[in-house]
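# Observations on chain architecture
Below, each chain spelled out in residue letters.
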Amino acid sequence: MFPAAFEYQRARSVDEALSLLAKHGSDARILAGGQSLIPAMRYRLARPAVLVDINPISGLDYLREDKGALVVGALARDSALENSALVARYRLVADASMVVADPVVRQSGTVVGSLCHNDPSGDWPVAAMAGGASVLVRGAKGERVVAIDDFLVDSFTMTVGEGEMAIEVRFPTPPERTAGAYYKIERKVGDFATACAAARVTLGADGAIADASVAIGAVGPKAMRVAGAEKLLRGAKPSRELVRSAGDAARTIADPVADNRGSAEYKKAMAGVLVERALVTAFERLGIGGPK
Ligand SMILES: Cc1cc2nc3c(=O)[nH]c(=O)nc-3n(C[C@H](O)[C@H](O)[C@H](O)COP(=O)(O)OP(=O)(O)OC[C@H]3O[C@@H](n4cnc5c(N)ncnc54)[C@H](O)[C@@H]3O)c2cc1C
């Protein structure tokens, strides 16, 4: 299907994009990689009257470390993260960058665009949540930094308001003795997740878990923080039983719907399995071996 008619505007700077967004209000949508927006327009699920194409803005595709964070600009493509030595040091982020869609989609799709789209089965919302990310949002009234849990409001809804643009996402640099991992189950390469999970743990000097962050996706209306697992993990020593209990916490809160990717029971079970897998991998990356 063809999209409904729309006006196309090219922005050559962030200021120009913001002024076009201010001028056209709720009629306007930003076009980044177009991998979610264009299909939605073709199926008439989205009918923006004006597309503000931010691709001509130079210098917005950065990947850099700044003020204790990996900073990913609004035009950094998934493929750039996948092939970056800098991102490789952020293992959870690197894991996610390699399994989003397929290599062709990753050439165009952006991390920030994915967070702004906030698909309940998207990979980046889950990785960003477990990674403790935040998003820099700019509008006519200035800038604000929004913590990812506040940014991801509901299915296909986030906090970038009318006339605003997400400029970058920041993944905090993991402190010493911290590791994370991201896993997804998909029917075949290029598919959205049947279930996905990410975990990040920090070990204290005594070998106990000083901090933990766990999130799951594709098993509810949006990415979900598994607060029950985080509570169990903090202060505990890594063990097979602990990992299993964290998985149980994920199975408890997962609330998937059955579809052609699987039954609700299967997805619920997989959310738990993937949390366990992510935790075991995180511990292995910390060099302590798979907890027994
Ligand atoms: C075949 C196929 C398979 C896919 N599989 C997966 C998958 O397995 N996992 C997955 O997570 N995703 C998947 N996707 C989605 C893909 O990752 C998209 O690229 C991503 O979700 C959106 O990024 P984009 O840059 O293309 O955004 P766009 O499509 O350009 O925009 C998406 C939305 O975000 C808004 N937006 C974009 N940038 C900004 C900004 N800077 N500020 C404010 N709003 C903004 C747009 O207005 C639009 O509403 C798939 C897509 C396709 C076509």
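Per chain, residue numbering runs from 1 following the sequence as it is written. Owing to the predicted nature of the model, reporting of local features is limited to residues with pLDDT of at least 70; listing and counting of side-chain atom pairs is limited to 80 or more, with chain, interface and lining totals taken over all residues. Think of the side-chain values as coming from all heavy atoms in the structure, minus any hydrogens and water.

### Section: the layout of surface pockets
Space inside the second largest pocket adds up to approximately 230 Å³. Arg89, Arg91, Pro174, Ala179 and Gly180 are the residues nearest the centre of the second largest pocket, which is lined by 15 residues in total. Of all the secondary structure elements, the ones that give two or more residues to the lining of the second largest pocket are helix H5 (91-97), strand E10 (165-172) and strand E11 (178-185). In the scheme used here, Gly and all other residues not listed as nonpolar or charged are polar, with Ala, Val, Leu, Ile, Met, Phe, Trp, Tyr, Cys and Pro taken as nonpolar and Asp, Glu, Lys and Arg as charged. Here the residues of the lining of the second largest pocket are counted per class, giving eight nonpolar, three polar and four charged. A pocket here means an open set of points on a 1 Å grid, computed over the protein atoms alone, that has protein on both sides within 12 Å along at least five of seven lines. A cavity is instead a set of points where a 1.4 Å probe fits but cannot get out; residues with an atom within 4 Å of a point line either one. Grid points are joined across faces, edges and corners, and a volume is the space filled by probe spheres set on the points. The secondary structure listing takes helices from DSSP runs of H or I that are at least 4 residues long and strands from runs of E that are at least 2 residues long, numbered from the N terminus.

### Thoughts on the sheet that holds strand E12 (residues 195-203)
In space, the four strands of this open sheet follow the order E11-E12-E13-E14, with antiparallel pairing throughout. Two strands in the sheet have a free side with no partner beyond their single neighbour: E11 and strand E14 (224-225). Alignment of E11 against E12, held across eight bridges, turns out to be antiparallel. When the sheet's bridge partners are listed, glycine 180 is paired in E12 with arginine 200. Contacts are residue-level and defined by heavy atoms, with any inter-residue pair within 4.5 Å sufficient. Helix axes use the C-alpha atoms of the stretch in contact, all axes being lines fitted to C-alpha atoms, and the angles between their N-to-C directions lie in the range 0 to 180 degrees. The sheet contacts of helix H12 (residues 264-285) involve E11, E12 and strand E13 (209-217), and relative to E11 the element is tilted by about 150°. Following DSSP output, two strands are said to pair if at least two bridges run between them.

### Some remarks on the packing of helix H11 (residues 240-253) against H12
Following both chains from N to C, one finds H11 and H12 inclined at 145°, their axes separated by 7 Å at the closest point. The element H11 and its partner H12 pack so that their crossing is right-handed. Residues Arg240, Val243, Arg244, Ala246, Gly247, Ala250, Arg251 and Thr252 of H11 form the contact with H12, whose own contacting residues are Lys268, Ala269, Ala271, Gly272, Val273, Val275, Glu276, Leu279, Val280 and Phe283. Less than a right angle of anticlockwise turn of the near helix away from the far helix marks a crossing as left-handed, whereas a clockwise turn marks it as right-handed.

### Quick notes on the nonpolar core
Residues grouped as a nonpolar core are buried Ala, Val, Leu, Ile, Met, Phe, Trp, Tyr and Cys residues, joined through side-chain atoms within 4.5 Å. With a 1.4 Å probe rolled over the protein chains alone, any residue whose accessible area is under 20% of its type maximum counts as buried; one over 50% counts as exposed, and the rest are partly exposed. In this structure, Trp124 and Met165 are the most contacted members of the largest nonpolar core, which totals 61 residues. Among the elements that make up this core, the one with the highest residue count is helix H8 (residues 123-130) (six residues). Judged by nonpolar contacts, the second largest core, of 34 residues, contains Val214, Ala236, Leu242 and Ala254.

### Considerations on the pattern of salt bridges
Counted as salt bridges are all cases of a side-chain nitrogen of Lys or Arg within 4 Å of a carboxyl oxygen of Asp or Glu. Applying the stated criterion across every chain, the model contains 21 salt bridges. The residue aspartate 191 makes a salt bridge to arginine 261 at a minimum N-O spacing of 2.8 Å. With aspartate 191 in the loop between E11 and E12 and arginine 261 in the loop between H11 and H12, this pair connects stretches of sequence that are 70 residues apart. In this structure, arginine 225 engages glutamate 230 in a salt bridge whose closest nitrogen and oxygen atoms are separated by 2.6 Å. A relative accessible area of 27% means that arginine 225 is categorised as partly exposed.

### Here we look at the side chain of arginine 251
Of note, arginine 251 is situated in helix H11. The class of arginine 251 is buried, set by a relative accessible area of 17%. Apart from the residues within four sequence positions on either side, arginine 251 is in contact with Arg244, Lys268, Ala269, Gly272, Val273 and Glu276.

### What about the sheet that holds strand E2 (residues 28-31)?
Taken together, the three strands give an open sheet; going across it, the order is E1-E3-E2, and neighbouring strands pair in parallel fashion. Since the sheet does not close on itself, it has two edges, and those belong to strand E1 (7-10) and E2, each with one partner. Neighbour-to-neighbour, the strand axes of this sheet turn through a mean angle of 25°, independent of strand direction. Pairing of E2 with strand E3 (residues 50-53), which is carried by four bridges, proceeds in the parallel orientation. Bridge pairing in E3 links leucine 31 to aspartate 53.

### A few points about the packing of aromatic side chains
Classification of ring pairs uses Phe, Tyr and Trp, with its six-membered ring standing for Trp, and accepts pairs whose centres are within 6.5 Å; under 30 degrees between planes counts as stacked, over 60 as edge-to-face, and the remaining range as tilted. Across all of its chains, the model carries one aromatic pair by this definition. Here tryptophan 124 and phenylalanine 171 contribute two aromatic rings whose centre-to-centre distance is 6.3 Å and whose plane-to-plane angle is 55°, an arrangement assigned as tilted. One end of the pair, tryptophan 124, is in helix H8; the other, phenylalanine 171, is in strand E10, with 47 residues separating them in the sequence. Judged on exposure class, the residue tryptophan 124 and its partner phenylalanine 171 are both buried. Sitting over a ring, as applied to charges here, requires NZ of Lys or CZ of Arg to be within 6 Å of the ring centre and within 35 degrees of the ring normal. Above the ring of tyrosine 62, the side-chain terminus of arginine 64 is found at 3.9 Å from the ring centroid.

### A closer look at the environment of glycine 161
Positionally, glycine 161 belongs in the loop between strand E9 (157-158) and E10. Owing to a relative accessible area of 29%, glycine 161 belongs among the partly exposed residues under this scheme. Sequence separation of glycine 161 and serine 26 is 135 residues, and the distance between their C-alpha atoms is 9.2 Å.

### Looking at the site of the ligand
For this purpose, a residue is taken to be near a molecule or strand whenever a single non-hydrogen atom of the residue falls within 4 Å of it. Taken together, 28 residues sit near the ligand, with Ile30, Gly34, Leu37, Thr110 and Asp123 positioned nearest. Between N or O atoms, a polar contact is any pair within 3.5 Å; within protein, one atom must be a potential hydrogen donor and the other a potential acceptor, and residues adjacent in sequence are included only when both atoms are from side chains. Glycine 33 places a polar main-chain atom, nitrogen or oxygen, 2.8 Å from an oxygen atom of the ligand. Taking alanine 166, its main chain carries an N or O atom lying 2.8 Å from a nitrogen atom of the ligand. Within the complex, 90% of the 960 Å² of free accessible area of the ligand lies under protein. For the shell around the ligand, the elements supplying multiple residues, two or more each, are E2, helix H7 (111-117) and E10. The element contributing the most residues to the shell around the ligand is H7, with five residues. Tallied by class, residues from the shell around the ligand come to 13 nonpolar, eleven polar and four charged. Only the protein chains shown count as cover for residues, and the accessible areas themselves come from Shrake-Rupley with a 1.4 Å probe.

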